[in-house]
Amino acid sequence: MKDEIQDTKDFLQNISDQIHYFVRDNVHSDLVLTLQIVLKFIFLAGLIFLLDFLLKLIVNTVIKFFFDKEKYPVLKSIYDSRITNSLVHLGALNFAGHALLSVFYRHPKSFALLGLIVDVATIFVIAGMLFRALTAFRNYFVIKQDYYKIMALNAISETVKIFGIFVLSVIGICIIFGIKGGTILGSLGAITAVLVLVFRDTILGFVTGLHVATSKSMKVGDWISIPKYSIEGNIMDISLLTTKISNFDKTVSTIPTYDLLTTEIKNLQIMSESNTRRIKKSIYFNINSFKFLTDEDIERLKEINLISDYLEGKMTELKKEKENLKHKDKIVNGRQLTNIGVFRYYAQKYIENDPDIDKNGAIMVRQLDITPQGLPLEIYCFTNDSKWEHFEQIQADIFDHLLVASKEFDLQVMQVNVKV
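Moving on, we come to unusual backbone geometry. One non-glycine residue, Ser-230, adopts positive backbone phi at about 55°. Its place among the elements puts Ser-230 in the loop between strand S1 (223-226) and strand S2 (231-238). Of note, the phi angle at Asp-410 is positive, near 60°, even though the residue is not glycine. Counting through the fold element by element, Asp-410 comes out in the segment after helix H15 (388-405).

Here it is in structure tokens:
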């Protein structure tokens, strides 16, 4: 091994000497030194690029043809992230560091400058390799479809990149100018508060990314609603600083990522996954239209199939109760059927018999608190189709029917009177 290294050094020195003497014997004396250095640099750079190309070709060919990337997701993640390229670059730069002395041994000043350049390049190649390693982890979790870990890794990688660039810049300055790292870091201590202020959003985004990933409250692709911004759509991307949401009107909204931690967010993805969507909507009735049902009203309403059996049973039950009541002819005495109550029962049965309503979810028609606009009768149920356009059609069909059917019960729906 030592003999091979020595042979390589001798080969490089021989080429370097040939360039040196050729330029000395054939070029004007004023240009000799400059041209010698330039030609030697071109020779060394060409040798490094050739070595880098060959090593990269060999490594990627071996991985591509001799390993099953689909069978080994880790290998596929490494290959797609091109970590191997960074390793090859590192090897080529390492060769350059050892070859410099053999090529520029006659030019010590040039050797020192080029050595500095190689050291700086090595630092940035190592940084690129670390960043690509984070990309490899992300690719692996994408293959495994573990979106919560992807979000956590996104937060970590973005933070590492930002602070990594800062650290590498400090190291680069130290190498180029020969300054001790402690001197720079010591001077930075005086402006720590400023740095915290500058990186405020970065820190909050990092914390939010970890929180969202660990709590598994949402992920890329989820259907969410943010009432604060009147946003409803699917999450496109969650990065360190911003989160992109594709709205249903084909627009894209961007919010600060830390808002995911500080703002009320409704995750509606479960409705999409279960293929159900909630209906929660009210009809307001005029209280003055409420009344007890007379025998004639009940006989008329018995012709409605959904409530005929209900009315028949209720009439029998109420007649038995009234037999022992005083002043039983007075309609207000004892329990009575009302038009709003019977309509509420009718609406319940109508929804239960609707084929577009999910029978496993809650199905309820209920009265809410009385308002100046009247008595709200709320319809609460779930459709068995979560697609927006289908949901709106199902909901509209239900309320179209109930609004018109309420007239059969002598109920008045409240509306604002517009003066022409």
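On to the side chain of Thr-276, then. Counting through the fold element by element, Thr-276 comes out in the loop between helix H11 (269-274) and strand S6 (277-285). According to the relative accessible area criterion, Thr-276 is buried, its value standing at 12%. If near-sequence neighbours (up to four positions away) are discounted, Thr-276 is found in contact with Met-271, Asp-358, Phe-382, Thr-383, Asn-384 and Ser-386.

Moving on to the nonpolar core. Core analysis: the largest hydrophobic core is formed by 32 residues, its most contacted members being Leu-301, Ile-307, Val-342, Phe-343, Tyr-346, Leu-402 and Phe-409. Listing elements by their share of this core, those giving two or more residues are S6, helix H12 (295-301), helix H13 (305-322), helix H14 (339-352), strand S8 (375-383) and H15. Once residues within four sequence positions are removed from consideration, Phe-343 is found in contact with Phe-285, Leu-377, Leu-402, Ala-405, Ser-406, Phe-409 and Leu-411.

Let us look at the sheet that holds S1. As summarised here, the arrangement of the 5 strands in space is S4-S3-S2-S1-S5, forming an open sheet in which the pairing is antiparallel. Looking at the sheet topology across the chains shown, the edges are occupied by strand S4 (252-256) and strand S5 (266-267). In this sheet, S5 lies alongside S1 in antiparallel orientation, the contact comprising 2 bridges. Residue pairing across strands places Ser-225 opposite Lys-266, the latter belonging to S5.

Rules of the game
- Residues numbered from 1 in each chain as written.
- Predicted model: local features only at pLDDT ≥ 70, side-chain atom pairs only at ≥ 80, totals over all residues.
- Heavy atoms only, no water.
- Helix = DSSP H or I, 4+ residues; strand = E, 2+ residues; numbered from the N terminus.
- Buried < 20%, exposed > 50% of the residue type's maximum accessible area, 1.4 Å probe, protein only.
- Contact = heavy atoms within 4.5 Å.
- Core = buried A, V, L, I, M, F, W, Y, C linked by side-chain atoms within 4.5 Å.
- Pairing = 2+ DSSP bridges.

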